[in-house]
Amino acid sequence: MSLSESIKKLREEKNAVILAHYYQRGEIQDVADFVGDSLALAQWAAKTTADIIVLCGVHFMGETAGILCPDKKVLVPDLNAGCSLADSCPAEDFAAFVASHPGHTVISYVNTTAAVKAVTDVVVTSTNARRIVESFPADTPIIFGPDRNLGNYINSVTGRRMLLWDGACHVHEQFSLEKILKLKSQYPDAEIIAHPECKQPVIKVSDFVGSTAALLKHTMQSGAQRFIVATESGVIHEMQKRSPRKEFIPAPPADSTCACNECSFMRLNTMEKLYDCLKNESPEILVDEEIRRKAIRPVRKMLEISERLGL
Ligand code: 13P
Ligand code: SF4
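Please read all numbers here as calculations on a predicted model, not as lab measurements.

Caption draft 1: Highlighting the sheet that holds strand S2 (residues 34-36). Pairing is parallel in the open sheet, where 4 strands are placed in the order S2-S1-S3-S4. For this open sheet the edge positions go to S2 and strand S4 (73-75), each flanked by a neighbour on one side alone. Going across the sheet, the axis of each strand differs from the next one's by a mean of 20°, ignoring polarity. Of the pairings in the sheet, the one linking strand S1 (residues 16-21) to strand S3 (residues 52-56) comprises 5 bridges and is parallel in character. By the bridge assignment for S3, Ala20 is matched with Cys56.

And the structure:
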């Protein structure tokens, strides 16, 4: 029996559901019950009837599922799958920042620990961040964290002046503008598409900016036949599946000796670890109950607003 068949068999036996992020290895995306961006993964976790959720993504994605589903076992194939953006926002420092700016509504990106979510008013993902910010009156003082690039992008498109936490993602910050422009001159017909976690100069030259799911949708709807993709290159697996005749060129990182347009944390999950974690029902995500009770409010709020907005 192949590894993929063994995983599927175990999944049936254990009434488990496998949810995978678009940045996972292609073979993991192919074996998953559902592949999506971080909003869709949270929405799926919230409604599943499975006993076990295997979240093939990074730690904060598993933690979000754990916050929403305290009665389920939530597994992540490799617990070391962290996130540099979440790491750039230690909970104690963020809580002190919030406390030193009273009267602000606190909006946090989902790429945060449960402890940061616990001092947040509403959680957002890249798919709903702009719409959720805009759902607050224009003069609402807002703290936005932890991604300074996403925060700057939202400020620039909405005219808001949100107070930003100074965090970033090491994958999205290292795309080389120079190399992207060189590719563009080589392929003038190509559209540059970028995730809003990229730095402003990359955003400025992009034809389309959006979350992982929005970028995917755009590549299906656009008349362009070629795209320079400035986000984690794992999403190209699904882009290529949905548009087999189109060409997708991963935007190059500044350092051409590394594969830094791949998130090293996301790639820690492998088919072997996925099989083992289903078999052993470990490693499990465990969220401190006091933190979970505080963190669930802003996560639920995000899901409610998203539903209202049809996202
Ligand atoms: P999405 O919200 O697009 O899934 O992004 C999550 C992420 O980790 C981006 O680096
Ligand atoms: Fe975190 Fe960046 Fe990896 Fe996304 S790509 S999980 S933000 S480190």
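Caption draft 2: Just the packing of aromatic side chains, in detail. Overall, the coordinates contain 5 aromatic pairs when judged by the stated rule. Arranged with centres 5.5 Å apart and planes meeting at 75°, the rings of Phe94 and Trp165 form a pair that is edge-to-face. Taken together, the positions of Phe94 in helix H6 (residues 91-99) and Trp165 in the loop between strand S8 (163-164) and helix H10 (177-186) put the pair 71 residues apart, joining distant regions of the chain. Relative to Phe248, the ring of Phe227 lies with its centre 5.5 Å away and its plane at 10°, an arrangement referred to as stacked.

Caption draft 3: Just the site of ligand 2, in detail. Not every one of the 13 residues close to ligand 2 is listed here, only the nearest: Cys83, Ser84, Asn111, Cys169 and Cys263. Among the residues making up the shell around ligand 2, the classes are represented as 8 nonpolar, 4 polar and 1 charged.

Caption draft 4: Geometry of the packing of helix H4 (residues 59-68) against helix H15 (residues 289-308). The interhelical angle for the contact between H4 and H15, taken along N-to-C directions, is 100°, at an axis separation of 9 Å. Comparing their axes, H15 and H4 come out roughly perpendicular. Contacts from Thr64, Gly66, Ile67 and Leu68 of H4 reach H15 at Arg292, Ala295, Ile296, Val299, Arg300 and Leu303. Considering only residue class, the contact of H4 with H15 consists of 6 nonpolar, 2 polar and 2 charged.

Caption draft 5: Layout of the site of ligand 1. Neighbouring residues of ligand 1: His21, Tyr23, Asp37, Ser38, Tyr109, Asn111, Ser126, His172, His195, Glu197, Ser211 and Thr212. Here an oxygen atom of ligand 1 sits 2.7 Å away from a polar atom, N or O, in the side chain of His21. Burial of ligand 1 by the protein amounts to 96% of the accessible area it has alone, namely 300 Å². Along the lines of polarity and charge, the residues of the shell around ligand 1 split into 2 nonpolar, 8 polar and 2 charged.

Caption draft 6: Representation of the environment of Arg160. Counting through the fold element by element, Arg160 comes out in the loop between helix H9 (148-158) and S8. On the basis of relative accessibility, which here comes to 12%, the residue Arg160 falls in the buried class. Between the C-alpha atoms of Arg160 and Thr231, which are 71 residues apart in sequence, the distance is 25 Å. Discounting chain neighbours no more than four positions away, the residues touching Arg160 are Val133, Glu134, Phe136, Pro137, Ala138, Ile142 and Asn155.

Caption draft 7: Main features of the nonpolar core. Val54 and Met239 are the most contacted members of the largest nonpolar core, which totals 81 residues. Element by element, the count of residues in this core is highest for H15, at 6 residues. In contact with Met239, not counting residues within four places along its chain, are Ile193, Leu215, Leu216, Thr219, Val229 and Phe248. By size, the runner-up hydrophobic cluster in this structure holds 15 residues, among which are Tyr153, Ile180, Leu183 and Ile249.

Caption draft 8: Region of interest: the pattern of salt bridges. On inspection of all chains with the given rule, the structure shows 18 salt bridges. Two residues, Lys9 and Glu13, come together in a salt bridge whose shortest N-O distance is 3.2 Å. Here the residue Lys9 and the residue Glu13 both occupy positions in helix H1 (residues 3-13), the gap between them amounting to 4 residues, near one helical turn. Residue classification places Glu13 among the exposed positions, given a relative accessible area of 54%. Linked by salt bridges that have partners in common, Arg11, Glu12 and Asp33 make up one network.

Caption draft 9: Looking closely at the environment of Thr125. Looking at where Thr125 falls in the secondary structure, it is placed in the loop between strand S6 (122-124) and helix H8 (129-134). On a C-alpha basis, the gap between Thr125 and Ala42 in space is 10.0 Å, while along the polypeptide they are 83 residues apart. The contact partners of Thr125, leaving out residues within four places of it in the chain, are Ser38, Leu39, Tyr109, Val110 and Met302.

Caption draft 10: Seen up close, the side chain of His21. Considering the arrangement of structural elements, one finds His21 in strand S1. On the basis of relative accessibility, which here comes to 3%, the residue His21 falls in the buried class. For His21, the contacting residues outside a window of four places in its chain are Gln29, Val35, Gly36, Asp37, Ser38, Leu41, Cys56, Met61, Thr212 and Met266.

Caption draft 11: Structural view of the sheet that holds strand S10 (residues 208-209). The strand order across the open sheet formed by 4 strands is S10-S9-S11-S12, and the pairing between neighbours is parallel. Only two strands of the sheet have a single partner each, and these edge strands are S10 and strand S12 (247-250). In the sheet, strand S9 (residues 191-194) pairs with S10 via 2 bridges, with the strands oriented parallel. Each bridged residue has a counterpart across the sheet, and for Ala194 the counterpart in S10 is Val209.

Calculation rules
- Residues numbered from 1 in each chain as written.
- Chains lettered and ligands numbered in written order.
- Predicted model: local features only at pLDDT ≥ 70, side-chain atom pairs only at ≥ 80, totals over all residues.
- Heavy atoms only, no water.
- Pairing = 2+ DSSP bridges.
- Helix = DSSP H or I, 4+ residues; strand = E, 2+ residues; numbered from the N terminus.
- Axes fitted to C-alpha atoms, helices over the stretch in contact; angles between N-to-C directions.
- Phe/Tyr/Trp six-rings, centres within 6.5 Å; stacked < 30°, edge-to-face > 60°.
- Near = heavy atom within 4 Å.
- Nonpolar A, V, L, I, M, F, W, Y, C, P; charged D, E, K, R; others polar.
- Parallel < 35°, antiparallel > 145°, perpendicular 65-115°, else oblique.
- Contact = heavy atoms within 4.5 Å.
- Polar contact = N/O pair within 3.5 Å; in protein donor to acceptor, adjacent residues only side chain to side chain.
- Areas by Shrake-Rupley, 256 points an atom, 1.4 Å probe, with all protein chains shown as cover.
- Buried < 20%, exposed > 50% of the residue type's maximum accessible area, 1.4 Å probe, protein only.
- Core = buried A, V, L, I, M, F, W, Y, C linked by side-chain atoms within 4.5 Å.
- Salt bridge = Lys/Arg side-chain N within 4 Å of Asp/Glu carboxyl O.

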